[in-house]
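# Report on the structure
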Amino acid sequence: MAGFNTAKQHFPLQKIQDVLGLFKDQLTRADEIDLSLLSIVLGTIENALTVNRSHALNRENDSKLQPIFPIIEWETIDVLRTKFVTQIKSAVDLSLYPDKFASRELVKKVSDVIWGGLTRAFYKDRAHLQSLFSFLTGNKLDCFGVAFAVVAAFQVLGYNDVHLALSEDHAWVIFGENQDQSAEVTWHGKGNEDKRGQPINQAVSEKHWLYLNGQPVVCTKEMEVAAIVSAINPSITATIDSVEMGSVQQELLWLLYDMGHLSKYPMSLGNLGDLEEICESPGRPPPLSLFEEGVKSSVTNYNDQHIYPYTYLGGHLYRMGKYREALQAWACASNVIKQYNYNREDEEIYKEFIEIANDWLPTIMRNIATENAARLRRNSLLYDTDAYANFLKFYDGICKWEEDSPTPVLHTVWAKQFVYSLGKFDSRVRKCIQIHAEGVEDESSSSDSSSEDENQENCDVNGNGVVKEDGVKKSRGRKPKAKKRKLNEQKLGNGVQDGSGDTKVNGNNAEEQIKHTIEELVSKVGESDSQRDTPPNPNLAALAQACSESILNPDYLLTGGEPFTTATTRSTPSSTSDRVNVDVNEFLSSKSNSTQFVGMTVDSMLKAESPADMMMFRKPPDSAPSSEEVQTPTPEPTEANTNLEVDAITSGCETSGEEKLNNSFAIVTPDPVDLLLVSQKMKGLRKLLSSLKLNSSAITLQLTAQSQTDFKHSRRGTGEFELIHSRKRSRRDIL
């Protein structure tokens, strides 16, 4: 071949620039690219910089490693390439295959030749077995190496219609005049030898991730060069990489990038982005730009069927601390995986998702929970409805992936971490999200739609109303329910028992019954007093208001004294959704402070989960009355007055001094988010996912329940996998 003859002038290779010159010369001769030559060169360099160095490496001399580059002589490369050509041509009789284009029988024959030259062992998680150098010196190849060797063998035989087809964890070949035929030539796990020569149509129809729904990267010769460059593994040990080998890979990928050969190869763009994140090249696009370009390439060229571009992007954003964007990228990855059916050969992508769900997401939740400044301002991810929606989308895609699959995905570890991460989101954020199920009508009738829309528009992060222009805060209650409450108030006193045996009035428990009874008595006293034209007893009004906020002192009704057992605070929350903001001063000592903790009342300690939580509340404009002020005449509070208690940042009032300090912790009001769930498991959880309190047992049982499918029995022995080197490689620190 002419490409092989002109390559001799670049030898010996003594530095990285020499290697770049050889590859550039080959790539500019599109019809003369010698795939076997370039694979042998890269394999020789990789062997010298990684395998040979690992034998003499130990912890004591790690720091003494000096940058080196092996001298690659022409004679070494010439001998190995001649051996490969001789082996292929001597084993294949071309007189039996007179057609100009390759046939399925010929593809099967060539793959058998490569297969027969291997040792009788399958190699799992073994590095440096992807090049022809490994095949010619050790009779070893991994899954990708076998597929590439078949393509290189066809080039030796003079066929130009056989090319690589690459998924994210598998490889096969396409051939024919129009390149419309496909054939397996390698394995993916043990026991699949009989697949060689077979088309991939059945696997595509079964929605296997290994075949990307018929959207693989179909390579040209230049992209096949990019494939062997991306397959380079610079690892010396499990934790140490070769600086020189990483630099060779990085420079070669930039060469291919500049020549436009990576535009349709998302995996190579991701590999280049990873290398740039470790060591950026001056004057080059940043890593984030490369990852985003990989996503765009997948969407444009492959109908958004590739998952690794999103996991590359999400991993980078995670390492940069951009958790919101990382969660969005992972949700997009899950949105792609839901289009497939899981099986045991999808081990690599399963590892990717289980690392995100059980390691990275819980780590994010822990990190954010310790960021006091973000929690004080309530602008962290845990108070973001969009982030919560992306979190649910991620798990919804995983559950959908499991449906109609022969193997279950989720188990108790998944469920445990899901409940942990779910519980970190603020309960009022969960309340603000509107969850819908695909193919299932919402329980609310169409007559409630207008009220629901108004509810969504007025919902803030606390699940409370927001202030309109007139300064009045609208409640979250629906109009139809207000009529029901009025009707129920007329029937007050008629108790109803639920299944638990607790007496309820209008759906409330006995405590609420007492409150409503007292308020009814107060209203009756007020009516009779107004008829007599005499002012009502102010103590009754104050007592009725305070009973809903503090514990009534029985001695007050019998002998007098303090009406309540503790200091009254108007802002004591009865539930998470009813919690209103209080000032930090409430956490200081008061006259009623009889606890052993100086500077805090019992109420203050009960409100705060941690000292940092003290700053998470704000005091209403009207200061809370003390225990002495309860006995003074006060008008009965109206709904309008109560609804005026809002943050200064929301009301738009001008503040100064201490109020300006409090405004720095103002709550960000997000827009309510609508979420559509598609998986059966998440549909069953939609009420729990938007509730104030989490039922962890019910969630765990639902997630770990058997998938909505009839499991198929796969053949024994398909549970072990051979990992190819074109897949996403784990990141290491290059030393």
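Read on for an overview of the structure. (Residues numbered from 1 in each chain as written. Predicted model: local features only at pLDDT ≥ 70, side-chain atom pairs only at ≥ 80, totals over all residues. Heavy atoms only, no water.)

Over its 15 residues, helix α12 (residues 287-301) extends 21 Å from the first C-alpha to the last, a length consistent with the 21 Å expected when each residue adds 1.5 Å. P287, L290, F291, G294, V295, S297 and S298 are the residues of α12 that are buried. Take α12 and look down its axis: the buried residues cluster within an arc of 155°, on one side only. Residues K296 and T300 are exposed on α12 and point more than 90 degrees away from its buried face. For α12, the elements touching its buried residues are α10 (243-258), α11 (266-278) and α13 (308-319). (Helix = DSSP H or I, 4+ residues; strand = E, 2+ residues; numbered from the N terminus. Expected span 1.5 Å × (residues − 1). Buried < 20%, exposed > 50% of the residue type's maximum accessible area, 1.4 Å probe, protein only. Arc of directions from axis to C-beta. Contact = heavy atoms within 4.5 Å.)

This part covers the packing of aromatic side chains. In this structure the tally under the stated criterion is 23 aromatic pairs. Seen from their ring centres, W172 and Y211 are 5.1 Å apart, and the 45° between their planes marks the pair as tilted. In this pair, W172 sits in strand β2 (residues 171-175) while Y211 sits in the loop between α8 (201-205) and β4 (217-218), placing the two residues 39 residues apart along the sequence. By relative accessible area, which is 1% here, W172 ends up buried. The class for Y211 is buried, based on a relative accessible area of 3%. Seen in terms of ring centroids, Y342 and Y350 are 5.7 Å apart; in terms of plane orientation they differ by 35°. Their pairing is tilted. An aromatic cluster of three or more residues is present, and its members are Y342, Y350, F353, Y388, F391, F394, Y395, W401, W414, F418 and F425. Directly above the aromatic system of W115 lies the positively charged group of R196, at a separation of 4.4 Å from the ring centroid. (Phe/Tyr/Trp six-rings, centres within 6.5 Å; stacked < 30°, edge-to-face > 60°. Lys NZ or Arg CZ within 6 Å of the ring centre and 35° of its normal.)

With that settled, consider the pattern of salt bridges. Under the criterion given, the structure shown has 15 salt bridges. Of the charged contacts, one joins R81 and D34 as a salt bridge, the two residues approaching to 2.8 Å between their closest N and O atoms. Of the two residues, R81 sits in helix α4 (residues 74-91) while D34 sits in the loop between α2 (16-27) and α3 (35-55), which places them 47 residues apart along the sequence. Note on D34: relative accessible area 0%, which makes it buried. Residue K681 pairs with E402 through a salt bridge whose shortest N-O separation is 2.7 Å. One end of the pair, K681, is in helix α29 (residues 680-684); the other, E402, is in helix α17 (residues 385-402), with 279 residues separating them in the sequence. The buried category is assigned to E402, whose relative accessible area is 1%. Each of D25, R29 and E32 takes part in salt bridges that share partners, so that together they form one network. (Salt bridge = Lys/Arg side-chain N within 4 Å of Asp/Glu carboxyl O.)

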